[in-house]
Amino acid sequence: LEISRGAVMSENIMIRLVERGVPRHIAHKKLVELTREAEREGVDFKEILLKDDLVRKHLDSEEIDHLLKPESYLGSYRELIDRTIRYAKDILNRC
C-alpha cells in the first residue's frame with residue numbers, strides 16, 4: 001500500500017463510481033489516468049482523487065478515505081459466491 005501510495009485501491013474507487021452512475025468504461029479510464037498521474041507526480045493517490053472533478057462529484061473526502069482502506073474492499077466476493085451457489089444448484093438439479 002505504501003509503495004503504491006494508495007493506488008492499489010483504485011478498483012474500489014472505480015466500483016463505487018460505477019455504483020453512483022458513472023459508466024464503467026469511463027470510471028476505468030479515469031482511474032487509470034489518475035493512478036498514472038499520482039505516480040508521475042510522486043504524490044499520494046488520495047491527493048489526486050481529491051483534485052479530480054469527476055471523483056469529487058460522486059465521492060466526498062470521508063468516503064474516499066474509507067474506500068482507500070484495504071479492509072473496506074473484498075473484491076468481487078459477492079459475485080463469486082452467487083456464481084458458485086448457482087453452479088452448485090444447477091449441478092444438484094441434474095442429479
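Residues numbered from 1 in each chain as written. Predicted model: local features only at pLDDT ≥ 70, side-chain atom pairs only at ≥ 80, totals over all residues. Heavy atoms only, no water.

Draft legend 1. Structural view of the confidence of the model for the chain. Predicted confidence across the chain gives a mean pLDDT of 83, with 81% of residues reaching 70 or more. Confidence scores differ between elements of the chain, with helix H6 (residues 77-94) showing the lowest mean pLDDT of 82 and helix H4 (residues 53-58) the highest of 97. Confidence drops under pLDDT 50 across residues 1-6; counting only partners more than four residues distant or on other chains, this segment forms ten contacts. (pLDDT = per-residue confidence, 0-100. Helix = DSSP H or I, 4+ residues; strand = E, 2+ residues; numbered from the N terminus. Contact = heavy atoms within 4.5 Å.)

Draft legend 2. Structural view of the environment of His-28. Its location among the elements puts His-28 in helix H2 (residues 24-41). Here His-28 falls in the partly exposed class, since its relative accessible area comes to 40%. Separated by 15 residues in the primary sequence, His-28 and Ile-13 place their C-alpha atoms 9.5 Å from one another. (Buried < 20%, exposed > 50% of the residue type's maximum accessible area, 1.4 Å probe, protein only.)

Draft legend 3. Representation of the environment of Glu-41. Secondary-structure assignment places Glu-41 in helix H2. Overall, the relative accessible area of 42% leaves Glu-41 in the partly exposed class.

Draft legend 4. Structural detail: the nonpolar core. Residues Ile-13, Leu-17, Leu-31, Phe-45, Leu-49, Val-55 and Leu-59 are the most contacted members of the largest nonpolar core, which totals 17 residues. Per element, the largest residue contribution to this core is four residues, and it comes from H2. Non-local contacts of Leu-49, meaning those with residues more than four positions away in its chain, are made with Ile-13, Leu-31, Leu-34, Val-55, Arg-56, Ile-64 and Leu-68. (Core = buried A, V, L, I, M, F, W, Y, C linked by side-chain atoms within 4.5 Å.)

Draft legend 5. How the structure looks around the pattern of salt bridges. For the coordinates displayed, the defined rule picks out seven salt bridges. Among the salt bridges present, the one from Asp-52 reaches Lys-30, with a minimum N-O distance of 3.0 Å. One end of the pair, Asp-52, is in the loop between helix H3 (45-51) and H4; the other, Lys-30, is in helix H2, with 22 residues separating them in the sequence. Note on Asp-52: relative accessible area 10%, which makes it buried. Across the pair Arg-94 and Asp-90 runs a salt bridge, and its minimum N-O distance is 2.7 Å. (Salt bridge = Lys/Arg side-chain N within 4 Å of Asp/Glu carboxyl O.)

Draft legend 6. Summary view of H2. With 18 residues, H2 extends 26 Å from end C-alpha to end C-alpha; this agrees with the ideal 26 Å at 1.5 Å per step. Within H2, the full set of buried residues consists of Ala-27, Lys-30, Leu-31, Leu-34, Thr-35 and Ala-38. One side of H2 carries all its buried residues, which in axial view fall inside an arc of 135°. The exposed set on the far side of H2, more than 90 degrees from its buried face, consists of His-25, Lys-29, Arg-36, Glu-39 and Arg-40. Residues of H2 that are buried sit in contact with helix H1 (10-19), H3 and H4. (Expected span 1.5 Å × (residues − 1). Arc of directions from axis to C-beta.)

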